[in-house]
Structure formats: structure tokens, C-alpha cells
Amino acid sequence: MDMRTVIYPGSFDPLTNGHLDVIKRATKLFDRVIVAVAESSSKKPFFTLAERKRMLAGVVKDIPNVTATSFPGLLVDFAAKKKACAIIRGLRVVSDFEFEFQMALMNRRLKERIETVFMMPRGKYIYLSSSLVKEVARLGGEVSTFVPDSVERALRKKLRAKRR
Ligand code: ADP
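Anyway, here's the lowdown on the structure attached to this text.

Conventions adopted
- Each chain has its residues counted from 1, running along the sequence as written.
- Restriction of local features to residues with pLDDT of at least 70 applies here, the model being predicted, together with a cutoff of 80 or more for giving and counting side-chain atom pairs; totals for whole chains, interfaces and linings are based on all residues.
- The basis for the side-chain values is all heavy atoms of the structure; hydrogens and waters are excluded.
- Two strands qualify as a pair provided DSSP detects at least 2 bridges between them.
- Working definition: helices are DSSP H or I runs of at least four residues, strands are E runs of at least two. Numbering for both runs from the N terminus.
- Throughout, an axis means a line fitted to C-alpha atoms (over the contacting stretch in the case of helices), and angles, computed between N-to-C directions, take values from 0 to 180 degrees.
- Contacts were defined at the residue level, with two residues in contact if any of their heavy atoms lie within 4.5 Å.
- Throughout, near means a residue has at least one heavy atom within 4 Å of the molecule or strand.
- Here a polar contact is taken to be a pair of N or O atoms separated by no more than 3.5 Å, where protein atoms must pair a possible hydrogen donor with a possible acceptor and residues adjacent in sequence count only if both atoms sit in side chains.
- Methods summary: accessible areas were calculated by the Shrake-Rupley approach with a probe of 1.4 Å, and residue burial reflects only the protein chains presented.
- Space inside and on the surface of the protein is sampled on a 1 Å grid over the protein atoms alone, with a cavity defined as a set of points where a 1.4 Å probe fits but cannot get out and a pocket as an open set with protein on both sides within 12 Å along at least 5 of 7 lines; lining residues have an atom within 4 Å of a point.
- Each molecule is assigned to a cavity or pocket provided more than half of its atoms lie within 2 Å of the corresponding grid points.
- Nonpolar residues are Ala, Val, Leu, Ile, Met, Phe, Trp, Tyr, Cys and Pro. Charged residues are Asp, Glu, Lys and Arg, and all others, Gly as well, are polar.

### Section: the sheet that holds strand E2 (residues 32-38)
Then, number 1: Taken in spatial order, the five strands of this open sheet run E3-E2-E1-E4-E5, and their pairing is parallel. Edge positions in the open sheet fall to strand E3 (66-71) and strand E5 (115-119), since each of these has one partner strand only. Averaged over neighbouring strand pairs, the angle between their axes works out to 30° when direction is ignored.
Then, number 2: Most of the contacts of helix H1 (residues 17-29) go to E5, to which it runs at about 125°, and overall it touches strand E1 (5-10), E2, E3, strand E4 (86-90) and E5.
Then, number 3: The strands touched by helix H4 (residues 94-110) within the sheet are E4 and E5, with E4 carrying the most contacts at an inclination of about 170°.

Rendered as C-alpha cells:
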């Protein structure tokens, strides 16, 4: 039988419970989920690539059929290399839509056979984003309900290091 592999790409700067919710939903639809940190993102990340990958790997290690990695260059090339049939993206609010729609259609033009699948997280994660989590943590707020424990620890440590 064909293994159905999907790529869930992103910055994961850092991984939040919203991302985790999407990852778990994806495992119900696909045989293998590869969560992949984009190396070539134009965003200026708070965590280094190695840190983001390590955090991700630590969190998904107990979820069967999920692996964490990173990829250089174009997402569709990475997806083709991994023989993935689809890309997962999370949709939260309407404001996500425009950009996600453009990107999905561009990816389709680049590689026709790879589908983009959009998934919605639980309602309570709708307004959750990595940038909001970083902002709250930076200002001394409690983020334990928004990210896994290991990510919360990493955030505290990173903030301490940056303040030094
Ligand atoms: P990117 O920089 O590629 O947008 P992110 O790490 O911010 O990377 O997000 C990766 C994917 O996860 C995107 O599709 C984004 O919409 C989705 N996502 C982010 N936060 C959430 C959330 N709270 N619930 C569901 N999906 C989310």
C-alpha cells in the first residue's frame, strides 16, 4: 500500500499548542507527517534554526508517525523529495486566508501534483500565534497554556540570555 506522506512547513518560532493541534489532526489523515522548519524564511527568527528544530523534535518524539526536520530552498522541491502528496497549512482567522491562498496556488503552479490541505485548530487556539506568545513572554506574562512545557522553558532561557 502507498504510504501517504504530508509536510507541515513553517517557521515554528516557537512551536505553539496551535501547531501541535494541527499536527495531531494531520496524523489522522496521513500515514506520515513531516514537520519541517523552513530554513530560507525571510522572517528574522527569535530562536535559531537548530533551537527550533530541537524544540520541535522534543515535542513530537512521542507522537507516532511524526518526524521533525528542516529544509532549504523551495517547499515543493522538499515535498517532492520526500514523496509527499500534500502540504498542510493551518488556518486560523480570515486574515490568514489571502496569503495562504496565494501561496497554495503558487505551490500548485510549481508542482501540480502536490495538494495543499488547510486545517483548523480547536477554537481556543484560533487567536494563538508564535509572535503573540513571544510578546507575552517578553513582557513577563504566563504562556504555559499556549505552548508545551519544554517550549516555555526554552522561551524563558532565551529571554534571559538575550537580556544579558
Ligand atoms: P509561517 O512563517 O510559515 O507562517 P508559522 O510557524 O507561523 O510559519 O506557522 C506555520 C503554519 O501553522 C501556518 O500555516 C500557520 O497558519 C499555522 N498556524 C500557526 N499558528 C496556528 C494556530 N494557532 N492554529 C492553527 N494553525 C496555526
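### Things to note about the site of the ligand
Then, number 1: Taken together, 16 residues are adjacent to the ligand, and Tyr8, Ser11, Lys43, Gly90 and Leu128 come closest.
Then, number 2: Side-chain polar atom of His19 to an oxygen atom of the ligand: 3.3 Å apart, as the coordinates give it.
Then, number 3: Expressed as a share of its isolated accessible area of 540 Å², the protein-covered part of the ligand is 90%.
Then, number 4: The site holding the ligand turns out to be the largest pocket.
Then, number 5: Within the residue set of the shell around the ligand, elements represented by two or more residues are E1, H1 and E4.
Then, number 6: Residues of the shell around the ligand, tallied by class, amount to seven nonpolar, five polar and four charged.

Interpretation in functional terms is not warranted from these geometric data alone.
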